[in-house]
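# Report on the structure
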Amino acid sequence: MTNKAFLPGKLSLAIWLALGSGSVVAQQQQETKTATEQDVEVIQVSGYRGSLSLALSAKREAVGSKETILAEDLGKFPDLNVADSLARIPGVAIEQDAGEGRQISLRGLGATFVKTTINGMESASAGAATDASGGANKSRAFDFNVFASELFTQIDVNKTVAAELEDGGISGNVNLQTARPFQYQDSKFAYNLNARYNDVAEEVTPRGSLMFSQNWDNKFGVLVSAAYSEGLVQSEGATTVRWSVNNPSWVKDSADNLLTAAPVTQLSPKGVYTNENMEGIWLPRIPRYSIFNKQQDRLGLTAAFQYQPTDDLLLNLDVLQAKLDSTMDEFQYSALLRGNVSSKTSIYAENLLVDANNTLVAATLSGVPIRSEARQDVSNSDFNQMTFSGDWHATDALKISFLAGTGKSDLDIPYQRTFGLDSFNSTFAYSYDSSIDPISLLSQTGSSIGSASMNMNMPSFAFAPAQAFGGSYSKEQLQQLMLDPSLYSLGLVRNRSQQINSENNNFSLNFAYELNDELTLKWGLNHRTFKTANVQYDNGWKVLNTSTNKTSGDAAEALVQKLPAAERAGALFGISLADAGQHFGNAASIPGNSTLDSNSWLTTDYQKVYNAFSAADFFVAKQRYNATYDIEEKVSGVFVQLDFKTELAGKELRGNIGGRYLDNENTSGIVNLDHIYADGYTAGRGAGADLADGYGWRYTNSSNKDFLPSLNLAYDLTEDVVARLSLAKAITRPAIADLASAIKVNTPDSKDPTATIEMGAGPTLMPYESDQIDLALEWYFDDEALLALSVFYKDITGLSKGTTSQVFSREQLSQLGIDLGDTDPATVTWEVTQLMNTPAEGVRGAEFIYQQPFSFLPEPWNRFGIQSNLTWIDYMKDLADPLTDVTLSLLAEETSRLAYNTTLYYEHGDFSARFSWNFRERYIKEYLDKYKDEGNFGRGYEDKGQLNFSSRYKVSKNLSVSFEAINLTNAATEQWSDVYTSRPVEYLLTGRQFLVGVRGTF
């Protein structure tokens, strides 16, 4: 992109030219305190409207662009976790997992651009999700779903940068503040007890929180709180994983190829269907119905101590522990159309119907393997943090503040086990077209490639397990076949585990000195360290001959197929979905002509398979050494900031100007692959045999320095209108996993000739950098009312994966831990993919806010009010098409062009209620260039809007009852693949959730 508002470097010059004129400004100054100092923690407000009023006051007095949620708002809205609470802040949109928010985007930018602190300290929170939602978090994005919303009494979101704010958030900084005892007088006890019901899982689970505080005349105080919830949420629907393009004419290095690597999926011609007329047809990788049944137990504990020995000294000790334990039971009934080239499985085209985009909308295929999976994932997220902070007014003019803190975030996935029953040589039909019946299609031989229209979110299926093509069946006959365990055999025993352990330490010391009644000078320093380690295990290893350093045969997870048939017979392990205690169809609308439903679903008896094979050699999960890494990051910073307030043309002008200097050091450690055998799972090779663990480490170091200037101005144009201007340079560091130097290798062999190396970028990867400007106009046209418009521009450098073709010598391959055996390295061309920094590209955006109680209307309409906001962003990136190398201008990852939130509330007497609508436009989750043998380029999520409701009745001064409903419209999560033609990847529904509760204080 070449159209930029200003070039890098000019922003720094502009800000420091303004700083140079500070002596002129100083002559007009009046006494001031910054927005940070004005952010008091008086949280006792009454009602939702009262909390909005206080938050609006904080926004008006701030210098930069800022939003706040206060306690009454946070604790009394249908929020399952903090991400759901943040969803109502202007510019915030959430990404969901299992029916609740997991990560947030701010002002349209992805979650990795948001800097999150807890009690003023940078924090890391990593959780696990379903496969459909992206798995374990190895980025800098903060997993808010670890925390219950009841743990916090205030959330501040700074959308603009100031020198005194720590670096890391190009889109903004979020600070979560837990409760403290000086917020309350004397003794206070509060409780909130709820019963939670999900209409898909059809179970009631508990949710509750308790808080006790004792304040001894603001001299010493103690506060403890606890929040606990259980949640059983079932997501159900249809998934495909991805789509593959049929490219039978593929020839290495041919300009006519539809793929950049040899195809792994290919239809076999039959009858009128030839390789020529099937060229370019897109078929689903694994069409299936899916169930994700997630049990979550969330526990949060806080303790806070405050001590004020004198009026000039205040000390705070904040302790936070949060645990999120999840058990995911997953069920899939699938047609395995993928990877049939290497397995030499012929899948024949019997009847094909495509749409205008050459998408195989409906089809009958024979020779298809059918698989019914049962999977269980267990994950435990454990977060602990302690901060000690204080404020000391050393003199009337000098204030000293400090913070020292330490934290740990551990994600333990003790196992992810998948067991599958297979039925080979089956006939299968499916349809995404409501006018085409797959049961009728099952027995029809096509006379040509027909036409169809993709008009269904839930496809209809007709499975004929272990049946050759040519039979004619009724729906009932097919369902009887599907439930017959004798037609299946055990085909998959997969075992995986993972641990991510992180710890961080922070120290900061800040000073604020009132030079005179007109100026306040601030300066300070901070140092933080962050360490993380990732280890993964699985049974994807192959049998190894250590003397020759060669592998042979199938991956261990599939070795069960070589056991005697009697040991893996379907009759031993097959069980109906109902007998497994599961159901399907409470949220998803199953087409009437689909043979697969809750009554015909034969699944795998998870416990029986585990009991039978958990002691088998092929079940052992071994460490995958090329995924192991340790990363350490050290950041030291100093800042200087001048705060001022003056009059300009008789109106107040307030602001701050300053800069932050950073020194960053990174170290990446990976396993020395010279010490690992060709299978990637066995240590002790060569010099590794002399080491205690069988392997050593390779470390890469890097350092870089940054200077981040900033200028923020707020000017009262009138008594009711505030104008704001912010100029700044900001950075966001790359995802943690991207700083690892680990590599992933696919070594060519007779089954898979592709040669690929995916290299981690390593610690030398530079951060995202952004020169940015923010302009805002806010009209406080009535009490508790606001009409505001902000426009912003950011010039952000990027990170992008690039691919090159390279030939390596045997010595170079050895350094990468790659052994080709007898193959001449000169005959192998490797496709090498690595992340790299890319030039800056412009981001333009606008934000609109409207908030007002309708007190000007006659009764009863004066009891209503509205809070609404809309964010629009234009963030396009230049990306090369992986096949054609043509540069495309595409929306950046995780960027929603449009997002808006609206809350309509009602308050009168002892009753209050509100509806909230949150909408996020479709966005790209990531541009994938690693499925070169399938043809997919990019995957993303469709538009999603969610409607929530909350109501409360105050029985007495200290007691109230509540009713809350989440996702009233049963909005689906829809994922698609391919930037050119959006083909369905997942369509999942989580249903509605209802909470009935009682709240009280005394």
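What this report covers is the structure whose coordinates are included nearby. The written sequence of each chain sets the order in which its residues are numbered from 1. Local features in a predicted model are, by the rule used here, given only for residues with pLDDT of at least 70; side-chain atom pairs are given and counted only at 80 or more, and totals for whole chains, interfaces and linings are based on all residues. For the side-chain quantities, the full set of heavy atoms in the structure was used; hydrogens and water were omitted.

For the rest of this paragraph, the subject is the overall build of the protein. A run of H or I in DSSP counts as a helix once it spans at least four residues, and a run of E counts as a strand once it spans at least two, with each numbered from the N terminus. Counting its secondary structure elements, the protein contains eleven helices and 46 strands. All radius of gyration figures rest on C-alpha atoms, and the globule criterion is 2.2 Å times the number of residues raised to 0.38. A globule of 1002 residues ought to have a C-alpha radius of gyration of about 30 Å, and the protein, at 30 Å, matches this closely. Taking the principal axes of its C-alpha atoms as reference, the protein extends roughly 90 × 70 × 50 Å. Remark: exposure states derive from per-residue accessible area (1.4 Å probe, protein chains only) relative to the maximum for the residue type, with buried under 20%, exposed over 50%, and partly exposed in between. With 1002 residues in all, the protein has 58% of them scored as buried. Throughout, a contact is declared for two residues whenever any of their heavy atoms are within 4.5 Å. Relative to all contacts within the protein whose residues are 6 or more apart in sequence, the contacts with residues 24 or more apart total 75%. Accessible surface, the protein: about 37900 Å² in total, of which carbon and sulfur atoms supply 53%. In this tally Asp and Glu are treated as negative and Lys and Arg as positive; neither His nor the chain ends contributes. Taken as the charge centre is NZ of Lys, CZ of Arg, CG of Asp or CD of Glu, depending on the residue. Once the 82 positive and 120 negative side-chain charges of the protein are each reduced to a mean point, those two points are 1 Å apart. Surface exposure here means Shrake-Rupley accessible area, sampled with a 1.4 Å probe, where a residue is shielded only by the protein chains that are shown.

Moving on: helix H8 (residues 475–482). Looking at H8, one finds that the buried residues are Leu478, Gln479, Leu481 and Met482. Each buried residue of H8 lies within a common arc of 155° when the element is viewed along its axis, so the set occupies one face. For H8, the secondary structure elements touched by its buried residues are strand E14 (313–335), helix H7 (438–442), strand E19 (460–464) and strand E25 (602–604). In this description, one arc is meant: the one made by directions from the helix axis to the C-beta atoms.

Time to look at a negative patch on the surface. Surface patches are drawn from residues lacking salt bridges whose relative accessible area is over 30%; two like charges belong together within 9 Å, two nonpolar side chains (Val, Leu, Ile, Met, Phe, Trp, Tyr) within 5 Å. We define a salt bridge as a contact between a side-chain nitrogen of Lys or Arg and a carboxyl oxygen of Asp or Glu at a distance within 4 Å. Taken together, the side chains of Glu719, Asp720, Asp782 and Asp783 present a region of like negative charge at the surface. Here Asp782 falls in the partly exposed class, since its relative accessible area comes to 37%.

A few words on the sheet that holds strand E6 (residues 152–158). Strand order in the open sheet formed by five strands is E1-E6-E7-E4-E5, with mixed pairing between adjacent strands. Taken across any chain shown, the strands that pair with only one partner, and hence form the sheet edges, are strand E1 (66–70) and strand E5 (121–122). The pairing criterion is simple: DSSP has to find at least two bridges between the two strands. Note that strand E4 (residues 114–118) and E5 share two bridges and pair antiparallel. In the strand pairing of E5, Ile118 is matched with Met121.

Taking burial as the measure, the 34 residues of strand E16 (residues 360–393) include 26 buried ones, the bulk of the element. Bridge analysis of E14 against E16 gives 23 bridges, and the strand direction is antiparallel. The partner of Leu320 across the bridge, within E16, is Gln385. As defined by bridge partners, strand E15 (residues 348–354) adjoins E16 across six bridges and the pair is classed as antiparallel. Across the sheet, Asn351 pairs through a bridge with Thr364, a residue of E16. Counting the residues that bridge the hairpin from E15 to E16 gives five residues, and of these Asn358 lies at a positive phi of roughly 65°. Where E16 and strand E17 (residues 398–431) come together, 29 bridges link them in antiparallel fashion. If you follow Gln376 over to E17, its bridge partner there is Arg417. Between E16 and E17, which pair antiparallel in sequence order, lie four residues.

On to the side chain of Ser868. Examined against the element boundaries, Ser868 turns out to sit in strand E36 (residues 864–880). Judged by relative accessible area, Ser868 falls into the buried class, the value being 12%. With near-sequence residues (within four places) excluded, Ser868 lies in contact with Phe848, Ile849, Tyr850, Asn901 and Thr902.

Looking only at helix H10 (residues 606–613), the buried set comprises Tyr606, Val609 and Phe613. All buried residues of H10 lie within an arc of 70° about the axis, which places them on one face of the element.

Whether two aromatic rings pair depends on their centres lying within 6.5 Å, for rings of Phe, Tyr and Trp, where Trp uses its six-membered ring; planes under 30 degrees apart make the pair stacked, over 60 edge-to-face, and the rest tilted. Across all of its chains, the model carries 41 aromatic pairs by this definition. With a centroid separation of 6.3 Å and 35° between ring planes, the pair formed by Phe189 and Tyr191 is classed as tilted. Judged by relative accessible area, Phe189 falls into the partly exposed class, the value being 22%. Within the aromatic cluster, the residues linked to one another by ring pairs are Trp243, Tyr289, Tyr333, Phe428, Tyr430, Tyr432, Phe461, Phe463, Phe584 and Trp601. When the ring centre of Tyr923 is taken as reference, the NZ or CZ atom of Arg920 above it lies at 3.7 Å. Two conditions define a charge located above a ring, namely a distance within 6 Å from the ring centre to NZ of Lys or CZ of Arg, and an angle within 35 degrees of the ring normal.

A few words on the environment of Ala141. In this fold, Ala141 is placed in the loop between E5 and E6. By relative accessible area, Ala141 is classed as buried at 5%. For the pair Ala141 and Thr112, spaced 29 residues apart in sequence, the C-alpha separation works out to 4.4 Å.

Another aspect to go through is the pairing of strand E30 (residues 721–732). Every regular strand shows the same layout, with side chains that alternate between the two sheet faces. Burial of E30 is extensive: ten of the twelve residues sit out of reach of the surface. Pairing analysis gives seven bridges linking strand E29 (residues 697–716) to E30, with the strands arranged antiparallel. Within the sheet, the bridge partner assigned to Leu711 lies in E30 and is Leu727. What sits between the antiparallel neighbours E29 and E30 is a turn of four residues. With twelve bridges joining them, E30 and strand E33 (residues 768–779) adopt antiparallel strand pairing. Bridging across to E33, Arg724 finds its partner in Ala776.

Attention now moves to the nonpolar core. Only buried Ala, Val, Leu, Ile, Met, Phe, Trp, Tyr and Cys residues count toward a nonpolar core, and they belong to the same one when joined by side-chain atoms within 4.5 Å. Residues Leu352, Phe463 and Trp601 are the most contacted members of the largest nonpolar core, which totals 69 residues. Among the elements that make up this core, the one with the highest residue count is E16 (nine residues). Not counting residues up to four positions away in its chain, the partners in contact with Phe463 are Tyr333, Ser334, Ala335, Ile370, Thr427, Phe428, Leu478, Met482, Thr595 and Leu596. With 28 residues, the next largest nonpolar core counts Ala83, Leu106, Ala148 and Leu176 among its residues.

Let us look at the environment of Trp861. With respect to the helices, strands and loops of the structure, Trp861 is situated in the loop between strand E35 (830–853) and E36. Since its relative accessible area comes to 51%, Trp861 is described here as exposed.

A surface patch of nonpolar side chains, about 490 Å² in accessible area, is lined by Leu775, Leu789, Val791, Phe848, Leu870 and Trp872. Elements that contribute at least two residues to the nonpolar patch include exactly strand E34 (786–806) and E36. Exposure remark for Leu789: the relative accessible area of 46% places this residue in the partly exposed category.

With that settled, consider unusual backbone geometry. With an omega of 0°, the peptide bond running from Glu859 to Pro860 counts as cis. Despite not being glycine, Asp253 shows a phi value in the positive range, around 70°. Looking at the secondary structure, you find Asp253 in the loop between strand E11 (243–245) and strand E12 (282–284). The backbone of Asn970 shows a phi angle near 50°, a positive value even though the residue is not glycine. With relative accessibility at 12%, the residue Asn970 sits in the buried group.

These figures come from the coordinates and say nothing about function on their own.
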